[in-house]
2 protein chains.
Amino acid sequence: MKILIIGAAGMIGRKLTERLAKDAKLGHEAIEKLILADVIAPTAVRAPGIEIEAHELDIVSEDAVSSLIAARPDLVFHLAAIVSGEAELDFDKGYAINLDGTRYLFDAIRREGQEQPYCPRVVFSSSIAVFGAPFPDKIGDEFFSTPKTSYGTQKAIGELLLSDYSRRGFFDGVGIRLPTICIRPGKPNKAASGFFSNILREPLVGQEAVLPVEENVRHWHASPRSAVGFLLHAATMDTAPLGVRRNLNMPGLSATVGEQIEALRRVAGKKAAALIRKARDPMVADMVDGWARDFDAQRATSLGFVADASFDDIIKAHIEDELGGTLP
Amino acid sequence: MKILIIGAAGMIGRKLTERLAKDAKLGHEAIEKLILADVIAPTAVRAPGIEIEAHELDIVSEDAVSSLIAARPDLVFHLAAIVSGEAELDFDKGYAINLDGTRYLFDAIRREGQEQPYCPRVVFSSSIAVFGAPFPDKIGDEFFSTPKTSYGTQKAIGELLLSDYSRRGFFDGVGIRLPTICIRPGKPNKAASGFFSNILREPLVGQEAVLPVEENVRHWHASPRSAVGFLLHAATMDTAPLGVRRNLNMPGLSATVGEQIEALRRVAGKKAAALIRKARDPMVADMVDGWARDFDAQRATSLGFVADASFDDIIKAHIEDELGGTLP
Ligand SMILES: NC(=O)c1ccc[n+]([C@@H]2O[C@H](COP(=O)([O-])OP(=O)(O)OC[C@H]3O[C@@H](n4cnc5c(N)ncnc54)[C@H](O)[C@@H]3O)[C@@H](O)[C@H]2O)c1
Ligand SMILES: NC(=O)c1ccc[n+]([C@@H]2O[C@H](COP(=O)([O-])OP(=O)(O)OC[C@H]3O[C@@H](n4cnc5c(N)ncnc54)[C@H](O)[C@@H]3O)[C@@H](O)[C@H]2O)c1
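Definitions and limits used
Residues numbered from 1 in each chain as written. Chains lettered and ligands numbered in written order. Predicted model: local features only at pLDDT ≥ 70, side-chain atom pairs only at ≥ 80, totals over all residues. Heavy atoms only, no water. UniProt positions renumbered as here; feature names shortened; annotations may be inferred. Helix = DSSP H or I, 4+ residues; strand = E, 2+ residues; numbered from the N terminus. Near = heavy atom within 4 Å. Polar contact = N/O pair within 3.5 Å; in protein donor to acceptor, adjacent residues only side chain to side chain. Nonpolar A, V, L, I, M, F, W, Y, C, P; charged D, E, K, R; others polar. Least-squares fit on C-alpha atoms with pLDDT ≥ 70 in both. Contact = heavy atoms within 4.5 Å. Buried < 20%, exposed > 50% of the residue type's maximum accessible area, 1.4 Å probe, protein only. Buried area = accessible area lost by both parts, 1.4 Å probe. Salt bridge = Lys/Arg side-chain N within 4 Å of Asp/Glu carboxyl O. Phe/Tyr/Trp six-rings, centres within 6.5 Å; stacked < 30°, edge-to-face > 60°. Lys NZ or Arg CZ within 6 Å of the ring centre and 35° of its normal. Areas by Shrake-Rupley, 256 points an atom, 1.4 Å probe, with all protein chains shown as cover. Pairing = 2+ DSSP bridges. Axes fitted to C-alpha atoms, helices over the stretch in contact; angles between N-to-C directions. Parallel < 35°, antiparallel > 145°, perpendicular 65-115°, else oblique. Left-handed = near helix turned anticlockwise from the far one by under 90°.

Where an unreviewed UniProt entry is consulted, chain A appears under the name NAD-dependent epimerase, with the organism given as Pelagibacterium lentulum.

As structure tokens, then:
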């Protein structure tokens, strides 16, 4: 089978690419070709027996997207997006990439099918940012989308398009609302949610990290490994039970910052936990106040999506995947 | 004040225009100018003391929409849309008018405000078609949008844009999810929901009407008069309590077809009710099966929106407004 990953140079895109290259098959089907696309040139992976094609392109170009779809991939992962902070700062850019780019992709697939039947599986990475406070204690599967960011709005619109295009038979879509990915590997970034990862990732390698909120702040998390697991399950699951309701709250782990720190202490010791410096940032604290804290992701769970069991597991997975299995 | 009505030649647009022309004020403010726009030339109304401007234009032209907004109306009613059946038959046309046209309008307002502060009230006519079965017995204010038509999808996207643009301060938007308007005046049309009106409107003037579903079919209705009332309330209400949740389920009347016929019998007699001929249409029956039946529109009710009290009232309002107050 032929798989296209759009946003392949991103954090999740790279992890997904590596996993597919390593597995060399998806479900029962061998992978013949991986097409990687991103506005940043995707780095090649070693994958003996799989043809790898890398494209540096902007999804805000209709032609560029059409040219990717002309290869008629059997499966499309649409991960390209600019994130919350940037979409909030640059209104036009957010709508151009997250909305127009998504629509160009969906329409390219639709048009491709007008010439000759074509109905690929499309997996779309949505976000819990489609929800906006006030929330119930646990957000259920039928809770409404009232995003408080332009990013969340753009994801919610992508979801609606995904459902309608699937209902029409233009493709077979699954939208997965990812929890905040923790521990996000790499350097600390400017995302307001970054501290949830920073306070674990940095101390694990002996670096200090800043905690800008109270320890009782609760949030909804999944590891990068789980995120890749969700994507693969969305790519292979039976979509018949979804009907027109194509977008799913992914399962995750609800934890307070205090619980995260406890887990860090258990896995890496007191010294690591002591590297977290509290410095309340009222602006971050305010933003985080509007974010989802907990979910009852019954539907996705019953459809076979599986999340991390504990924050200890999340930290251990990070040590295995990013730190070669041992602490320095 | 200056008021722009887009979709002014439509059924609701005409009724709204007449009402504004008659009242000559909105809330406490005198109306100085009514700008009517539609792809079908809007018919002039008599409104002494109000300047009337009529534009025949297509909202799928960015320039046309911008030229309307250049007049900086204080209030914009966005009623233009192609309805469910047509948007389902012509995918491109539905997205062009109901999504792109709406976005052109919202962006024209945003751009107008970039030059010099501008933040009009925008009232958007959404629809209960943003919901798709299965439903709870009564749809609550926080139930999710999973439309089963492209029209419903386009309305749901319009709602999300309305909320985000309002949150950003580009305009002050209110989206109202109208129930099915009954009794729709005029000739029977091809809308699948048409029979809910036909079975009352036609017998009232001695004509036969066909009922394609069982009498136990329940649906959610409001009179054209109520719809105009909703629009005026949305135009004048305090929007502060809405926060970012700008879209409201309008109150309405939940009734079975049997209850509609009972009301007809009470208001117009047995002879009128006898003009309804049952001829089950499995296709219509099937579609109607997926439609919303009942709501608990608490939020809108507490915000002061008022619906019809009974189907007798709906029929009497039709007799007053459309038949000169008496039955033939
Ligand atoms: N990481 C999280 O916590 C999280 C949570 C919820 C949802 N998501 C979603 O998952 C997806 C992947 O997230 P991530 O953490 O890997 O983000 P990331 O920012 O690391 O990756 C996104 C990728 O999209 C690419 N991209 C941006 N604009 C593009 C354009 N115009 N054309 C082509 N490519 C473009 C970027 O270059 C980047 O490589 C995104 O859609 C994101 O919104 C992530
Ligand atoms: N009537 C109902 O039962 C009902 C229920 C829910 C929502 N609504 C919504 O209320 C609004 C008004 O409904 P209505 O019953 O008066 O419908 P209508 O069809 O009578 O009026 C819609 C008007 O929009 C105009 N229009 C269509 N495309 C246009 C374009 N490209 N540019 C400019 N004008 C265009 C049409 O010419 C028409 O005059 C619509 O948005 C509709 O979706 C109606």
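A. Broad picture of the UniProt feature "domain: NAD-dependent epimerase/dehydratase" (unreviewed entry) in chain A. Cross-referencing UniProt, the feature "domain: NAD-dependent epimerase/dehydratase" (unreviewed entry) maps to residues 3-208 of chain A in the present numbering. Here residues 3-208 of chain A runs as 39% helix and 19% strand, with 40 Å between its end C-alpha atoms.

B. The site of ligand 1, seen in detail. Residues and elements named next belong to chain A. The immediate surroundings of ligand 1 are formed by 25 residues, with Ile-12, Asp-38, Leu-79, Tyr-151 and Arg-184 found nearest. A distance of 2.8 Å separates an oxygen atom of ligand 1 from a polar backbone atom of Ile-12. Ile-59 is positioned such that a nitrogen or oxygen atom in its backbone is 3.0 Å from a nitrogen atom of ligand 1. Listing elements by their share of the shell around ligand 1, those giving two or more residues are helix H1 (11-23), strand S7 (121-127), helix H5 (150-167) and strand S9 (180-181). The element that contributes the greatest number of residues to the shell around ligand 1 is S7, accounting for three residues. Residue classes in the shell around ligand 1 are distributed as 15 nonpolar, six polar and four charged.

C. Representation of the relation of the copies chain B and chain A. Once turned by 180° and shifted 0.0 Å along the axis, chain B lies on chain A with an RMSD of 0.0 Å. In short, the pair behaves as if placed about a two-fold rotation axis. Taking C-alpha positions as the reference, the residue of chain B nearest the rotation axis is Phe-144 of chain B, at 2.0 Å. Both copies present the same face, since 100% of the interface residues in chain B are matched by interface residues at the equivalent positions in chain A.

D. Summary view of unusual backbone geometry. All names here are of chain A. The linkage connecting Cys-182 with the following residue, Ile-183, adopts the cis geometry, with an omega of 5°. Here Ile-183 lies in the loop between S9 and helix H6 (195-204). Phi angles above zero are rare outside glycine, and Ala-24 is one such case at about 60°. Looking at the secondary structure, you find Ala-24 in the loop between H1 and strand S2 (25-26). Its relative accessible area of 29% is what places Ala-24 among the partly exposed residues.

E. Representation of the interface of chain B and chain A. Of the residues lining the interface, 35 residues belong to chain B; the matching set on chain A comes to 35 residues. Surface buried jointly by chain B and chain A totals about 3000 Å² across both partners, of which 53% is contributed by carbon and sulfur atoms. Where chain B packs against chain A, one counts eight salt bridges. Two residues, Arg-168 of chain A and Glu-88 of chain B, come together in a salt bridge whose shortest N-O distance is 3.6 Å. Run the count over chain B and chain A and you get 28 residue pairs in polar contact (both at pLDDT 80 or more). Counting only elements with at least two residues in the side of chain B that touches chain A, the list comes to helix H3 (84-89), helix H4 (91-115) and helix H5 (150-167) of chain B. With nine residues, H5 of chain B is the largest single contributor of residues to the side of chain B that touches chain A.

F. Structural view of the side chain of His-318 of chain B. Checked against the element boundaries, His-318 of chain B lands in helix H12 (residues 311-322). What His-318 of chain B contacts, discounting residues up to four positions off in sequence, is Ile-183, Pro-185, Arg-201, Leu-204 and Leu-323 of chain B.

G. A look at the packing of aromatic side chains. Counted by the stated rule, this structure contains 30 aromatic pairs over all chains. Relative to Phe-170 of chain B, the ring of Phe-91 of chain A has its centre 5.0 Å away and its plane inclined at 85°; by these criteria the two rings are edge-to-face. Here the residue Phe-91 of chain A occupies a position in helix H4 (residues 91-115), and Phe-170 of chain B occupies one in the loop between H5 and strand S8 (172-178), the pair thus bridging two chains. Phe-170 of chain B carries the same exposure label as Phe-91 of chain A, and that label is buried. Every member of this aromatic cluster is reached through a ring pair, and the members are Phe-91 and Tyr-95 of chain A together with Phe-106, Phe-124, Tyr-165, Phe-170 and Phe-171 of chain B. The residue whose ring lies beneath Arg-110 of chain A is Phe-170 of chain A, and the NZ or CZ to ring-centre distance is 5.6 Å.

H. Looking closely at the site of ligand 2. All names here are of chain B. As a structural note, the neighbourhood of ligand 2 is formed by 25 residues, with Ile-12, Asp-38, Tyr-151, Lys-155 and Arg-184 the closest of them. Met-11 has a polar backbone atom sitting 2.9 Å from an oxygen atom of ligand 2. A distance of 2.7 Å separates an oxygen atom of ligand 2 from a polar side-chain atom of Arg-184. Considering ligand 2 on its own, with 820 Å² of exposed area, one finds that the protein chains cover 89% of that surface. Counting only elements with at least two residues in the shell around ligand 2, the list comes to helix H1 (11-23), strand S7 (121-127), H5 and strand S9 (180-181). With three residues, S7 is the largest single contributor of residues to the shell around ligand 2. Residues of the shell around ligand 2, tallied by class, amount to 15 nonpolar, six polar and four charged.

I. Layout of the sheet that holds strand S13 (residues 253-256) of chain B. Residue and element names in this part refer to chain B. If you trace the three strands from one edge of the open sheet to the other, you get S9-S11-S13, paired in mixed fashion. Of all the strands in the sheet, the pair left with one neighbour each is S9 and S13. Pairing between strand S11 (residues 218-222) and S13: four bridges, direction antiparallel. Looking across to S13, one finds that His-219 is bridged to Ala-255.

J. Molecular detail of the pattern of salt bridges. Within this structure, the stated rule accounts for 54 salt bridges over all chains. Here Asp-164 of chain A makes a salt bridge to Arg-167 of chain A, at a shortest N to O gap of 2.8 Å. Separated by three residues within a single helix, Asp-164 of chain A and Arg-167 of chain A lie in helix H5, roughly one turn from each other. For Glu-142 of chain B, the salt bridge goes to Arg-245 of chain B, with nearest N and O atoms at 3.6 Å. Of the two residues, Glu-142 of chain B sits in the loop between S7 and H5 while Arg-245 of chain B sits in the loop between helix H7 (224-236) and strand S12 (247-249), which places them 103 residues apart along the sequence. Judged by its relative accessible area of 39%, Glu-142 of chain B falls in the partly exposed class.

K. Representation of the environment of Glu-53 of chain A in the model. Residues and elements named next belong to chain A. Considering the arrangement of structural elements, one finds Glu-53 in strand S5 (residues 51-56). For the pair Glu-53 and Ala-37, spaced 16 residues apart in sequence, the C-alpha to C-alpha distance is 8.4 Å. Once you skip the residues sitting within four places of it in the chain, Glu-53 turns out to touch Lys-33, Leu-34, Ile-35 and Leu-36. In this structure the side chain of Glu-53 is engaged in a polar contact, spanning 2.7 Å, whose partner is the side chain of Lys-33.

L. Quick look at the packing of H6 of chain A against helix H12 (residues 311-322) of chain A. Residues and elements named next belong to chain A. The N-to-C vectors of H6 and H12 enclose an angle of 50°; their axes lie 11 Å apart at closest approach. As judged from the angle between their axes, H6 and H12 are oblique. As H6 packs across H12, the resulting crossing turns out to be right-handed. The residues of H12 that touch H6, namely those facing Leu-200, Arg-201 and Leu-204, are Phe-311, Ile-315, His-318 and Ile-319. Grouping the constituent residues of the contact of H6 with H12 by class yields five nonpolar, one polar and one charged.

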